[in-house]
Amino acid sequence: MTAPLVVLVGPPGSGKSTVGRDLAERLGVGFRDTDADVEKSAGKPIPEIFIDEGEPHFRELEAAAVRSAAQGHEGVLALGGGAVMAEATRALLRDLPVVFLEVPLADAVRRVGLDAPRPLLAVNPRARWRELMEARRPLYLEVATAVVDTADRTPGQVADAVMEALELKTPHE
């Protein structure tokens, strides 16, 4: 069984996809995002999955995407913000190098704009983001090998911190 070199978890706006692509390039490995995997398997964007089939169906697709990626991807893996809510997903992550990208609300708002098409943030996005973080933060911490604070850092600086936290080396080091 192959396993990811790095798994990134965190809330919307934490930089999982941007930092993940940067890390993959530095490490000379592939990048995979389970949100993109879900959209590909469903044939539609995540907001449409929520509208058409509901959140429980989305979570089933998400759990399947995480299971597939955690067991078959050797590069950098970014998980959707709510993936850690599933106990089976947390169990899969226990023996993997997981980094929780922690982000303050103000930075998340600036990065993604909470008016972006994110179904769980559609109504009163700031309050909803706080609620999601209250529920998810302990789960991010439960699965994390390391925590990297993204506040006031560029994606490159966050990638540096992830590499340092996991003691990763680029291929030419």
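Heads up: the structure comes first, above all this text.
Quantities reported herein were computed from a predicted structural model and do not represent experimental measurements.

Take the packing of aromatic side chains next. If you walk through the whole model with that rule in mind, you get 2 aromatic pairs. Summarising the aromatic geometry, the rings of Phe50 and Phe58 are spaced 5.0 Å apart at their centres and angled 40° between planes, so their arrangement reads as tilted. The exposure class of Phe50 is buried, given its relative accessible area of 15%. Residue classification places Phe58 among the buried residues on the basis of a relative accessible area of 4%.

A separate point is unusual backbone geometry. Backbone geometry at Asp152 places phi at a positive 55°, although glycine is not the residue there. Summarising the element assignment, Asp152 is placed in the loop between strand 5 (146-149) and helix 8 (155-166). Unlike most non-glycine residues, Glu167 shows phi in positive territory, near 55°.

Glancing now at helix 3 (residues 46-53). Working note: α-helix, 3.6 residues per turn, so residues spaced by three or four point in the same direction. For helix 3, the full list of buried residues reads Ile46, Ile49 and Phe50. Here the buried residues of helix 3 occupy an arc of 100° about the axis, which is enough to place them on one side. Buried positions along helix 3 lie against helix 2 (34-42) and helix 4 (55-72). The positive-phi residue at the C-terminal boundary of helix 3 is Gly54, with phi of around 95°.

Membership of the largest hydrophobic core comes to 20 residues, with the highest contact counts inside it found for Val7, Val9, Leu79, Val84, Leu93 and Val98. The set of elements that each furnish at least two residues to this core consists of strand 1 (6-9), helix 4, strand 4 (98-102) and helix 7 (125-143). With 5 residues, helix 7 is the largest single contributor of residues to this core. Those residues within four positions of Val7 in sequence are excluded, and the remaining contacts are Leu77, Leu79, Leu93, Leu96, Pro97, Val98 and Val99.

On to the pattern of salt bridges. The tally for this structure, following the rule as stated, stands at 12 salt bridges. Among the ionic pairs, Asp22 bridges to Arg26, the shortest N-O distance being 2.6 Å. Linking Asp22 with Arg26, this pair stays in helix 1 (residues 16-27), spanning 4 residues, or about one helical turn. Relative accessible area serves as the criterion here: at 21%, Asp22 is assigned to the partly exposed category. Residue Arg26 is classed as partly exposed on the basis of its relative accessible area, which comes to 25%. Three or more residues joined by partner-sharing salt bridges are found here, namely Glu87, Arg90, Arg94 and Glu142.

Reading the values: rules and limits
Residues numbered from 1 in each chain as written. Predicted model: local features only at pLDDT ≥ 70, side-chain atom pairs only at ≥ 80, totals over all residues. Heavy atoms only, no water. Phe/Tyr/Trp six-rings, centres within 6.5 Å; stacked < 30°, edge-to-face > 60°. Buried < 20%, exposed > 50% of the residue type's maximum accessible area, 1.4 Å probe, protein only. Helix = DSSP H or I, 4+ residues; strand = E, 2+ residues; numbered from the N terminus. Arc of directions from axis to C-beta. Contact = heavy atoms within 4.5 Å. Core = buried A, V, L, I, M, F, W, Y, C linked by side-chain atoms within 4.5 Å. Salt bridge = Lys/Arg side-chain N within 4 Å of Asp/Glu carboxyl O.

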